[in-house]
Amino acid sequence: MLPLLTRLDHVGIACRDLRRAIDMYRETFGVGVLTLEENEEQGVREAMLAVGPSGAGPGSLGVGYIQLLEPLGPDTPVGRFIARRGEGIHHVGYRVEDIREALATVAGTGIRLVDDRPRHGSMGASIAFLHPGDLGGVLTELVQPLS
Ligand code: CO
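Residues numbered from 1 in each chain as written. Predicted model: local features only at pLDDT ≥ 70, side-chain atom pairs only at ≥ 80, totals over all residues. Heavy atoms only, no water.

Remarks on the packing of aromatic side chains
Heads up, the condition is: Two rings from Phe, Tyr or Trp (for Trp, the six-membered ring) form a pair when their centres sit within 6.5 Å of each other. Planes less than 30 degrees apart are called stacked, planes more than 60 degrees apart edge-to-face, and all others tilted. Each helix is a run of DSSP H or I of at least 4 residues and each strand a run of E of at least 2, with the numbering of both proceeding from the N terminus. Remark: exposure states derive from per-residue accessible area (1.4 Å probe, protein chains only) relative to the maximum for the residue type, with buried under 20%, exposed over 50%, and partly exposed in between.
Scanning all chains against the criterion turns up one aromatic pair. Between Y25 and F29, the ring centres sit 5.8 Å apart and the planes meet at 40°, which makes this aromatic pair tilted. Residue Y25 and its partner F29 are both found in helix α1 (residues 18–29); the two are separated by four residues, about one turn of the helix. Judged by relative accessible area, Y25 falls into the buried class, the value being 13%. Owing to a relative accessible area of 57%, F29 belongs among the exposed residues under this scheme.

Some points on the side chain of T140
Basically, it comes down to this: Under the rule applied, a polar contact is a pair of N or O atoms within 3.5 Å (in protein, one hydrogen donor and one hydrogen acceptor; residues adjacent in sequence only if both atoms are side-chain atoms).
Of note, T140 is situated in strand β8 (residues 140–144). Classification of T140 as buried rests on a relative accessible area of 9%. At 3.0 Å, the side chain of T140 and the backbone oxygen of V138 are in polar contact.

Brief notes about the sheet that holds strand β3 (residues 44–51)
The condition that has to hold: Here, a strand pair is defined by DSSP locating no fewer than two bridges between the strands.
Overall, mixed pairing links the eight strands, which are arranged β2-β3-β4-β1-β5-β8-β7-β6 in an open sheet. Lying at the two open borders of the sheet, with one neighbouring strand each, are β2 (33–39) and β6 (119–120). Note: strand β1 (residues 7–14) against strand β4 (residues 64–71), five bridges, orientation parallel. Looking at the pairing, A14 lines up with L69 of β4.

Focus: the coordination of the cobalt ion
Using the following cut-off: For Na, K and Ca the donor cutoff is 3.2 Å, while for all other metals N, O and S atoms must lie within 2.8 Å; water is not among the atoms, so some sites may look incomplete. Irregular is the label for any site that misses the other tests, which are tetrahedral for four donors with all angles between 85 and 135 degrees, and square planar for four donors or octahedral for six when opposite donors exceed 155 degrees and the remaining angles lie between 65 and 115.
Of the protein atoms, only H10 (NE2), Q67 (OE1), H91 (NE2) and E141 (OE) coordinate the cobalt ion, at distances of 2.0 to 2.1 Å. The site at the cobalt ion holds four donor atoms, and with the angles between them running 83 to 172°, its shape is irregular. The motif formed by the donor residues of the cobalt ion, counted along the single chain, is H-x56-Q-x23-H-x49-E. Of this pair, H10 sits in strand β1 while H91 sits in strand β5 (residues 88–95); the two residues are 81 residues apart in sequence, bridging distant segments of the chain.

So, the pattern of salt bridges
To be explicit about the condition: Take a side-chain nitrogen of Lys or Arg and a carboxyl oxygen of Asp or Glu: if they are within 4 Å of each other, that pair is a salt bridge.
Inspection of every chain in the model, using the stated rule, returns eight salt bridges. Between D23 and R26 there is a salt bridge whose closest N-O contact spans 3.0 Å. On the criterion of helical spacing, the pair formed by D23 and R26 is a turn pair, its members being three residues apart in helix α1. When its relative accessible area of 23% is taken as the criterion, D23 is described as partly exposed. Where E38 meets R45, a salt bridge forms, and the shortest distance between an N and an O atom there is 3.4 Å. Classification of E38 by relative accessible area gives partly exposed; the value is 46%. Residue classification places R45 among the partly exposed residues on the basis of a relative accessible area of 32%. One salt-bridge network, held together by shared partners, links E38, R45 and E70.

This is the structure we're talking about:
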C-alpha cells in the first residue's frame, strides 16, 4: 500500500478567544496570520498561521500550519470540545493527493469516517474527518489543498 499521507498539513487547536490565541502565537513565536475565515457549517471562526519559510503563501512547499479554532457558540463541535476537555489540540490534519481516493482507501480498512464525502475547508481545500474512536483517540483530518 502506498503511503496515503504526503505530509503533515496542520495542527488544529481549540481556543476560547481567537484574537488572544493569535497574539500569543505571534508574541511567543513570531508567526503571523495567513488567513482568517468563518466557517458557519463547522461552527468556527479560524485563523491559519504559517510555520515555515517567511513569505511563503498557502500551499507552498515546506509550509505547515497552526489552525486556531474559536467556536461560534457553545452548541458547536469545537464549543462542546472545549466544554468537555478545555482548550488544546483538537485535531491533526494530513495532506493527501486525492481526497476521494484516500477516503475510499481508509473506509476500506474499516475505519469509520466522520465525513463520507469531502467538504469545504480552510483556504479552499477539500477536507474530510476520520473518526477518533478508530484512530487512537485522535480526530484526524485529510486535506487536499486547492491546486
Ligand atoms: Co483542520
